[in-house]
Amino acid sequence: MIAKIVVRYADGKVVKGTTEDLAANKGLFHLTEADTGKRYEVNVELLKAIFFVKNFQGNSEYQERLDVERVGLGKKIKVSFKDGETLVGYTQGFSPARATFIVFPCDPESNNEKVFVVTAAAGKVEFV
């Protein structure tokens, strides 16, 4: 299945595109850039997170709700990234020993469907 993603590198670089071979147990995946059609391999270790999105435009004025209780998505978690960004959502499988984990947004109206977080890019992770 082809997924729309926004790749955020640890150095701040952002790339929008698609992938069909991203997996939690793999350190590499292929990205096809939305703007250029260029396809190349991405090393997960260089990333901050991968945002699986509904569309590439999003809505910068939309304020995501953090008070929505969602059943079946795991425990509520707060991820404070080393660059200062904070992500609040739900996860079913965080362990500091694992290289990555998935966070589902609190707000079902979010443009993000899920976020593939690189554990090394997180400064602090706590259950809330």
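See the structure shown above.
This section reports on the structure supplied with the text.

The rules we used
Here the residue numbering is sequential within each chain, running from 1 through the sequence in written order. In view of the model being predicted, local features appear only for residues whose pLDDT reaches at least 70, and side-chain atom pairs are presented and counted only at 80 or more, with totals across whole chains, interfaces and linings using the full set of residues. Heavy atoms throughout the structure, all of them, feed into the side-chain values; hydrogens and water do not. Throughout this description, the term salt bridge denotes a Lys or Arg side-chain nitrogen within 4 Å of a carboxyl oxygen of Asp or Glu. Under the DSSP-based scheme used, a helix requires at least four consecutive residues in state H or I and a strand at least two consecutive residues in state E, with every element numbered from the N terminus. Here the term buried applies to any residue with accessible area under 20% of the maximum for its type, exposed to any over 50%, and partly exposed to those in between, with areas from a 1.4 Å probe on protein chains only. At least two bridges found by DSSP between two strands is the condition for calling them paired. Angles shown run from 0 to 180 degrees and are taken between the N-to-C directions of axes, each axis being a line fitted to C-alpha atoms and, for helices, limited to the stretch in contact. Counted as positive: Lys and Arg. Counted as negative: Asp and Glu. His and the chain ends are not counted at all. The term polar contact refers here to a pair of N or O atoms within 3.5 Å; inside protein, the definition further demands a hydrogen-donor-capable atom paired with an acceptor-capable atom, and it admits residues adjacent in sequence only when both atoms are side-chain atoms.

## Here we look at the pattern of salt bridges
Part 1 of the reasoning: Under the defined criterion, the tally for this structure stands at six salt bridges.
Part 2 of the reasoning: Lys48 serves as the salt-bridge partner of Asp83, at 2.7 Å between the closest nitrogen and oxygen. Taken together, the residues Asp83 in the loop between β6 (75–81) and β7 (86–91) and Lys48 in strand β5 (residues 47–53) connect sequence positions 35 residues apart.
Part 3 of the reasoning: Judged by relative accessible area, which is 4%, Lys48 ranks as buried.
Part 4 of the reasoning: Ionic pairing is found between Lys48 and Glu85, a salt bridge with its closest N-O pair at 2.3 Å. Linking Lys48 in strand β5 with Glu85 in the loop between β6 and β7, this pair joins segments that are 37 residues apart in sequence.

## Quick notes on the sheet that holds strand β4 (residues 39–43)
Part 1 of the reasoning: Spatially, the 10 strands line up as an open sheet ordered β4-β3-β2-β1-β5-β9-β8-β7-β6-β10, and their pairing is antiparallel. The open sheet has two edge strands, β4 and β10 (122–127), and neither has a second partner. The sheet shows a mean angle of 40° between the axes of neighbouring strands, taken without regard to direction.
Part 2 of the reasoning: Here two bridges tie β7 to strand β8 (residues 100–105), and the two strands are oriented antiparallel to one another. In the strand pairing of β8, Tyr90 is matched with Phe104.

## Focus on the pairing of strand β9 (residues 112–118)
Part 1 of the reasoning: Counting buried positions over the seven residues of β9 gives five, a clear majority of the element.
Part 2 of the reasoning: In this sheet, β9 lies alongside β5 in antiparallel orientation, the contact comprising five bridges. The residue of β9 that forms the bridge with Val53 is Asn112.
Part 3 of the reasoning: Bridging between β8 and β9 involves four bridges; their strand directions are antiparallel. The residue of β9 that forms the bridge with Val103 is Val115.

## Considerations on the side chain of Asp107
Part 1 of the reasoning: Note that Asp107 resides in the loop between β8 and β9.
Part 2 of the reasoning: No salt bridge is formed by the buried Asp107. Its closest oppositely charged neighbour is Arg65, at 5.7 Å.
Part 3 of the reasoning: A distance of 2.5 Å separates polar atoms of two side chains, one belonging to Asp107 and the other to Tyr62.

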